Amino acid sequence: GDSVTQMEGPVTLSEEAFLTINCTYTATGYPSLFWYVQYPGEGLQLLLKATKADDKGSNKGFEATYRKETTSFHLEKGSVQVSDSAVYFCALSEWSSYKLIFGSGTRLLVRP
Amino acid sequence: EAGVAQSPRYKIIEKRQSVAFWCNPISGHATLYWYQQILGQGPKLLIQFQNNGVVDDSQLPKDRFSAERLKGVDSTLKIQPAKLEDSAVYLCASSPPPNEKLFFGSGTQLSVL
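First, a word on scope: everything that follows refers to the structure included in this document. (Residues numbered from 1 in each chain as written. Chains lettered and ligands numbered in written order. Predicted model: local features only at pLDDT ≥ 70, side-chain atom pairs only at ≥ 80, totals over all residues. Heavy atoms only, no water.)

Looking at the interface of chain B and chain A
Part 1 of the reasoning: Taken together, the contact between chain B and chain A spans 21 residues of the former and 18 residues of the latter.
Part 2 of the reasoning: In total, chain B and chain A occlude about 1500 Å² of area from one another, counting both sides; carbon and sulfur atoms represent 52% of this.
Part 3 of the reasoning: It is B:Pro43, B:Glu100 and B:Phe104 that lose the most area in chain B upon contact with chain A, and together they represent 36% of the buried surface on that side.
Part 4 of the reasoning: Linking chain B with chain A are zero salt bridges.
Part 5 of the reasoning: The interface formed by chain B and chain A includes two residue pairs in polar contact (both at pLDDT 80 or more).
Part 6 of the reasoning: When residues of the side of chain B that touches chain A are traced back to their parent elements, those giving at least two are β4 (31-37) and β5 (44-50) of chain B. (Contact = heavy atoms within 4.5 Å. Buried area = accessible area lost by both parts, 1.4 Å probe. Salt bridge = Lys/Arg side-chain N within 4 Å of Asp/Glu carboxyl O. Polar contact = N/O pair within 3.5 Å; in protein donor to acceptor, adjacent residues only side chain to side chain. Helix = DSSP H or I, 4+ residues; strand = E, 2+ residues; numbered from the N terminus.)

Right, here's the structure in full:
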């Protein structure tokens, strides 16, 4: 079945460092891809999405590009802030059912 | 805009006891989801409703879990009897058509002792 694999955490960075969190997927059909974020004590929130190959999703300085040839959707940010500390989940939506399948999450800790 | 409301926020029970969680989705959202998030894992879909009908319950352990969505608005998820491995955060989410953006509640953290 469809699945999502993302890099294990925690990822610890200093403020203003460059961030990459890797995500790869396995899917039949043409899924949509998402990054959700969970800040401490809060619910999951949609960070960005891409619905077809070569689309780039972006929000709050974060970017991810839908790469069909490598089945990847890596999350990047050029300069992280302490406030970006959270758990990031990569997910796909099955094209036929819109069922969301999540990866296991990557915890990011940004130090001042 | 009010978000997805869930209660209780925390629940501690002993194994073999029963427990129920409640969810009130965002007004007008036809689709409602219950996810189970075990510590260190991503959320796993338990059941998906479209209005008051079940769309997907393939991963719901039906021998102990049940869910309903009366009148197509709020929903309850019940576990009876609970097992130790049911300890997790239970997340409710809702979405407007075309179901591509989910809005999550803060979840109910269940501890089964």
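Structural notes on the pattern of salt bridges
One side chain can pair with another of opposite charge once the charged atoms of both are near each other.
Residues and elements named next belong to chain B.
Part 1 of the reasoning: A complete count under the given rule lists five salt bridges over all chains for this structure.
Part 2 of the reasoning: For Lys-62, the salt bridge identified is with Asp-57, shortest N-O distance 3.7 Å.
Part 3 of the reasoning: The class of Asp-57 is partly exposed, set by a relative accessible area of 26%. (Buried < 20%, exposed > 50% of the residue type's maximum accessible area, 1.4 Å probe, protein only.)

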